[in-house]
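Structural overview for review
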There are 2 protein chains.
Amino acid sequence: MTALHTDLYEIRMAASYLRRGMTEPATFSLFVRDLPGDRGFLVAAGLADCLSFLESLYFDESELAYLRDTVHLRESDVDALGRIRFRGEVWAPPEGTIVFPGEPLLEVTAPLPQAQLVETAMLNHLTFQSTVATKAARCRLAAAGAELVDFAARRTHGPGAAFAVARACALAGFGGTSHVASARRFGLRPVGTMAHSYIQAFPGEIEAFRAFAEDFPDNTVFLVDTYDTITGVRAAIDVARAAGIPDERAGIRLDSGDLLALARQARRLLDDAGMTRSVIMASGGLDEYELSRLTAAGAPIDSYGVGTKVGVSADAPALDSAYKLVEYAGRPVMKLSSGKATLPGAKQVFRTAPGEPDVLASRDEPVPRGHRPLLVPVMRNGRRLRGSDSLADARRRFERDLRWLPESARRLRGPRPVEVRRSAHLEDLTARVRAAARALNSPR
Amino acid sequence: MTALHTDLYEIRMAASYLRRGMTEPATFSLFVRDLPGDRGFLVAAGLADCLSFLESLYFDESELAYLRDTVHLRESDVDALGRIRFRGEVWAPPEGTIVFPGEPLLEVTAPLPQAQLVETAMLNHLTFQSTVATKAARCRLAAAGAELVDFAARRTHGPGAAFAVARACALAGFGGTSHVASARRFGLRPVGTMAHSYIQAFPGEIEAFRAFAEDFPDNTVFLVDTYDTITGVRAAIDVARAAGIPDERAGIRLDSGDLLALARQARRLLDDAGMTRSVIMASGGLDEYELSRLTAAGAPIDSYGVGTKVGVSADAPALDSAYKLVEYAGRPVMKLSSGKATLPGAKQVFRTAPGEPDVLASRDEPVPRGHRPLLVPVMRNGRRLRGSDSLADARRRFERDLRWLPESARRLRGPRPVEVRRSAHLEDLTARVRAAARALNSPR
């Protein structure tokens, strides 16, 4: 993805800054203003792709020709843009960190044209991937220890999104993905059973089951709802026993109907047949609410295939994210737009024991006793710092933060996000910058 | 995107079919079962990417090694999969066609393993792109002739989705996109103004406006809401006149607050200054409902920047799409799962005058008098047929179908989709296949 993956106004502004020599360091802060309905927290994700984008930022010759010939930038602007590389510094809470509204997901400090140009890509990766990681985390909370598998690839927003979704789900503790290319890229467990079409391609269900047991004796999960679910379960049992499949390698998948009632009936049939270790998998339009209903009712389901509703974060497919200039050339700045005001200066977030509020502070404030800072430097002089983007680290970080997260913020419905207090220093700075901006831009 | 962009079960099923010599022609039908809330129609989009995927379907050496070493397929399975190319036939309503639930968006006929393997990619492209094209079409209906511009790139589901969204919006008649890479790839008009950060980087708003007018005298749209909107409008007028910018090249953008009231005040101020041809652009969380409210109230807004809510189709980010086996080796098949039954055999849709129902028929039925068939062959023997995927053609097709679409289906709230009747032949075939499937798979 090259530097043309941006909005036109970023390029026009960057050209204007370059022309005017406005290349002093600028700090932009990326944060989410408000949480969508029923969200009590956010899981930070997408930083790895942001850093890759920044490391390889440049316009190639054909892109520069496009900017000259079609966008009609001046030759001198095009030359200046052609020399742009990202040489800035980035601070962020590493992936997997749980954050709250107003807390930065990323802060970029770089010469103004560089920092401006990357806005679109930074917002895109972090908004999307944090949206999905958060949705997946909610499924984790609802699944009560049952295994979760990402089944979303067929309905994500394009093939690229299928990769990001598989990774975000893994970050939140999913046990595997159906998307083979993602499993390979990220070292995840590939998971797959059979589709209805497999059964329909044979003369009858029983013939399809026999063929499947013969071809995949090591992992034989029968899809039982093509015609009649309970008939299907009985056929699966007959075939598995006739084929001599050990019960821990056999299983069934339910994909329609009353999953709770069917799982109970299927469990009884399997147990009666002595197949006590055979798993029951469920899929079909699942999300955290349905998972919660099933686990609360004690559904005997071992593994859930969760697809579309997580892959597109169906009830809240985007976040109200912003990438705002907070400092330029050593001068803290802010925006006063109605309902969209921003706080000046580079930030830090200090966190302490569960149940205590986070503190949003200026970056250079001392760490209060008993607190730890959430933002760490992840890139300096345009090069990523080691260890800032491993999926394994992100998973561990998420598990740690999940243990910290208070129950009031974990609730699926009506949660209360952890409070974010502003430090006295930040309050004071905000008041001063606001007064100065008002004085300079008041009605004439 | 290679053949590993698929779900694991597709690969396992394909391997099993190959092992068993089950390579007779299979027909899969891809359709949407139900429309999401408030949708009265669907705009078909995504076919071009489907055909590109099919044309280049293969597993490379490293992918085959992955299937052998990590997925643990047998060597003979891996060899057989390594020889797979797509050599099938595809019928579809071309992009831009307006369709309804149950009408195919795509039908693939190919040797069973090939047709099975491509399920994930076909569902992914068509579901996503039709979702967004439909959302964009609803904005068209709401905009009452005002210009629409795609501003979604910062919040689409990844960078790849930004391209697909820009294209889907263009298909539905948007006049431009902010996403430069998409503008270049698809030959769209790139559109951009300035961000709040540009204004904040200068000592005050007026200094920023002066710099912008100097640097972009050919296209000077001032963002006026950084501090106080009406003050911003007055500053824009002063700067444009002082810089001698012709009024048709100047404009303002509103991005927050009460857009209707602010647009009216701004229009009055511009007109009073003699800038009657200067445009007013509005943006900020817009969707078809807000556009409709603004246009119904006669808001003097010339151009709308529409972003996140269209780019993720916020109120309905996915469709209930399915890719179902309907025929194998000359035998029509169907699935009986509760609530998810399918109709057997390859299909055609016949359409006639506005207000009349569509007819869902078997593909080989004669065209009824006064009707035209919606599905056409777009690929034969794995090669796309000429003219099946031009964006310009898709736009024309969409405009034609939009004129045909009855008012009852166009409504933004509580629309009634055009009725889809089944032909007598299809009803009869369905009854016969259902009886046969029931007989073969009844409880034992």
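Criteria and thresholds
Residues take numbers from 1 onward in each chain, read along the sequence in its written order. Whichever chain is written first becomes A and whichever ligand is written first becomes 1, with later ones labelled in order. Reporting in this predicted model follows two pLDDT cut-offs: at least 70 for local features of residues, and 80 or more for side-chain atom pairs to be given and counted; totals over whole chains, interfaces and linings ignore these cut-offs and use all residues. Each side-chain value is worked out from all heavy atoms of the structure, with water and hydrogens disregarded. UniProt positions are given in the numbering used here, feature names are shortened, and annotations may be inferred rather than shown by experiment. We call two residues in contact when some of their heavy atoms are within 4.5 Å. For any pair of parts, buried area is found by adding up, for both, the accessible area (1.4 Å probe) each one loses once the two are put together. The salt bridge criterion pairs a side-chain nitrogen of Lys or Arg with a carboxyl oxygen of Asp or Glu, the two atoms within 4 Å. Pairs of N or O atoms are called polar contacts if they sit within 3.5 Å, as long as, within protein, a hydrogen donor faces a hydrogen acceptor (for residues adjacent in sequence, only side-chain-to-side-chain pairs). Secondary structure follows DSSP: runs of H or I at least 4 residues long count as helices, runs of E at least 2 residues long count as strands, and numbering of each begins at the N terminus. The buried label goes to any residue with under 20% of its type's maximum accessible area, the exposed label to any with over 50%, and the partly exposed label to all in between, with areas taken from a 1.4 Å probe on protein chains only.

Where an unreviewed UniProt entry is consulted, chain A appears under the name Nicotinate phosphoribosyltransferase, with the organism given as Amycolatopsis acididurans. You can read under Catalytic activity (unreviewed entry) in the UniProt record for chain A the words "5-phospho-alpha-D-ribose 1-diphosphate + nicotinate + ATP + H2O = nicotinate beta-D-ribonucleotide + ADP + phosphate + diphosphate". For chain A, the Pathway (unreviewed entry) comment in UniProt is given as "Cofactor biosynthesis; NAD(+) biosynthesis; nicotinate D-ribonucleotide from nicotinate: step 1/1."

Time to look at the interface of chain B and chain A. Contacts between the two partners involve 107 residues from chain B, matched on the other side by 107 residues from chain A. Overall, the association of chain B and chain A removes approximately 9100 Å² of surface from exposure, summing both partners, and the carbon and sulfur fraction of that is 54%. The largest contributions to the chain B side of the interface with chain A come from Arg 12, Arg 154 and His 157 of chain B, which together make up 10% of the buried area. Counting the contacts that link chain B with chain A gives twelve salt bridges. For Asp 7 of chain B, the salt bridge goes to Arg 154 of chain A, with nearest N and O atoms at 3.2 Å. On inspection of chain B and its partner chain A, the count reaches 63 residue pairs in polar contact (both at pLDDT 80 or more). The element contributing the most residues to the side of chain B that touches chain A is helix α1 (residues 8-19) of chain B, with nine residues.

This part takes up the pattern of salt bridges. Tallied over the full model, the rule gives 78 salt bridges over all chains. Here Glu 288 of chain B ties to Lys 135 of chain B by a salt bridge, and the two come within 2.9 Å at their closest N and O atoms. Residue Glu 288 of chain B is located in helix α13 (residues 288-296), and its partner Lys 135 of chain B is located in helix α6 (residues 119-143); the two are separated by 153 residues in the primary sequence. The two residues Glu 288 of chain B and Lys 135 of chain B agree in class, both being buried. Here Arg 351 of chain B makes a salt bridge to Asp 358 of chain B, at a shortest N to O gap of 2.8 Å. We note that Arg 351 of chain B, like Asp 358 of chain B, is buried. Connected through salt bridges with shared partners, the residues Glu 103, Arg 351, Asp 358, Arg 372, Arg 400 and Asp 401 of chain A form a single ionic network.

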